[in-house]
Amino acid sequence: MKILGICGSVRDGSFNRGLLRAAQEEAPAGVELEIYNLGEIQAYNADVEKVEAPASVTAFKEAIAAADAMLIACPEYNGSFTGVLKNALDWASRPASTQPFSGKPAALVGASGGPSGTARAQAAILPVLMALGVIVMPKPGMMVRNSASLFDENVNLTDQDTRDRLRDQVGALVAFAKKINS
Ligand SMILES: Cc1cc2nc3c(=O)[nH]c(=O)nc-3n(C[C@H](O)[C@H](O)[C@H](O)COP(=O)(O)O)c2cc1C
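Throughout what follows, the structure given in this document is the object of discussion. Computed from a predicted model, the values in this text were never measured in an experiment. Just so you know, the residues in each chain are numbered from 1, in the order the chain's sequence is written. Under the rules for a predicted model, residues below a pLDDT of 70 receive no local features and side-chain atom pairs below 80 are neither given nor counted, while totals for whole chains, interfaces and linings still include all residues. Hydrogen atoms and water are omitted, and side-chain values are computed over all heavy atoms in the structure.

1. A look at helix H5 (residues 119–132)
Moving on, step 1. Its 14 residues place the ends of H5 21 Å apart at the C-alpha level, agreeing with the 20 Å of an ideal helix rising 1.5 Å per residue.
Moving on, step 2. A residue's bend is given by the angle between axes fitted to the 7 residues ending at it and the 7 residues starting at it. Each helix corresponds to a stretch of at least 4 residues labelled H or I by DSSP, and each strand to a stretch of at least 2 residues labelled E; elements are numbered beginning at the N terminus. Along H5, the helix axis deviates most sharply at Leu126, where the bend reaches about 25 degrees; the proline Pro127 sits within four residues downstream.
Moving on, step 3. Each residue is placed in one exposure class: buried if its accessible area under a 1.4 Å probe, protein chains only, is under 20% of its type's maximum, exposed if it is over 50%, and partly exposed if it falls in between. If you check which residues of H5 are buried, you get Ala121, Gln122, Ile125, Val128, Leu129 and Leu132.
Moving on, step 4. Contacts: residue pairs with any heavy atoms within 4.5 Å of one another. Summarising the contacts, the buried residues of H5 are in contact with strand S3 (69–73), helix H4 (83–92), strand S4 (105–111), strand S5 (135–136) and strand S6 (143–144).
Moving on, step 5. Taken from the residues just after H5, Gly133 is the one with a positive phi, measuring 85 degrees. Each helix should span, by expectation, one fewer than its residue count multiplied by 1.5 Å.

Take a look at the structure:
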């Protein structure tokens, strides 16, 4: 099974990318988790789309289409999910005839520096994913708060409880994706 890990942060020291790296390490045997970099995707512009979609957008759409499931790890910015991720989803949703999201299983995780653990970001992305036809796994859910204390200086997840919860979340996504895709 192939899972596409999508990180809503493009900064080098991203805790959310750190979560996805830990998810790679905790994924069950036979599950390949690729971490996608959204940093190459420019701001959405319908004029650009009319001429030709950028190669970075086509590559993102192909990566989603090739995946059996998505694991989305996104920070919370001002009570919502990030513009970087929304922009990438908007690009990939166009044109509707080739959008790769419909029926695709996905799970949400998120790490924030504060106490919210990305609860508001995860709530905010749900209607967007619904509009795209993504089938979001309802449980168990994974919110990570006070991230700085859970990762080392190289952004490796060092907290065992968080690792255990992440392993459960990835395992649940694998089972969910098998059910949805069968
Ligand atoms: C523009 C901006 C807005 C933010 N708003 C929130 C917020 O509403 N809630 C929160 O918990 N953290 C907020 N933060 C903190 C980020 O969630 C935190 O820095 C997080 O670690 C960023 O994710 P990353 O480590 O994956 O890059 C904000 C950060 C920025 C840059």
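2. Description of the packing of helix H3 (residues 55–66) against H4
Moving on, step 1. Orientation is described by lines fitted to C-alpha atoms, with helices fitted over the stretch in contact, and by angles between N-to-C directions that extend from 0 to 180 degrees. Orientation of H3 relative to H4, taken along the N-to-C sense of each, is 85 degrees, at an axis distance of 9 Å. In terms of their interaxial angle, H3 and H4 are classed as roughly perpendicular. Residues Val57, Phe60, Lys61 and Ile64 of H3 form the contact with H4, whose participating residues are Ala88, Trp91 and Ala92. When an angle is under 35 degrees it counts as roughly parallel; over 145 it counts as roughly antiparallel; between 65 and 115 it counts as roughly perpendicular; any other value is oblique.

3. Remarks on the pattern of salt bridges
Moving on, step 1. We define a salt bridge as a contact between a side-chain nitrogen of Lys or Arg and a carboxyl oxygen of Asp or Glu at a distance within 4 Å. On inspection of all chains with the given rule, the structure shows 8 salt bridges.
Moving on, step 2. Residue Asp90 is joined to Lys86 by a salt bridge in which the shortest nitrogen-to-oxygen separation is 3.1 Å. Of this pair, Asp90 and Lys86 both sit in helix H4, separated by 4 residues, roughly a single helical turn.
Moving on, step 3. Judged by its relative accessible area of 28%, Asp90 is partly exposed.
Moving on, step 4. With a shortest N-O distance of 3.3 Å, Asp164 and Arg167 are connected by a salt bridge. Taken together, the residues span about one helical turn, with Asp164 and Arg167 both in helix H6 (residues 160–181) at a distance of 3 residues.
Moving on, step 5. Judged by its relative accessible area of 31%, Asp164 is partly exposed.
Moving on, step 6. You can call Arg167 partly exposed: its relative accessible area is 34%.

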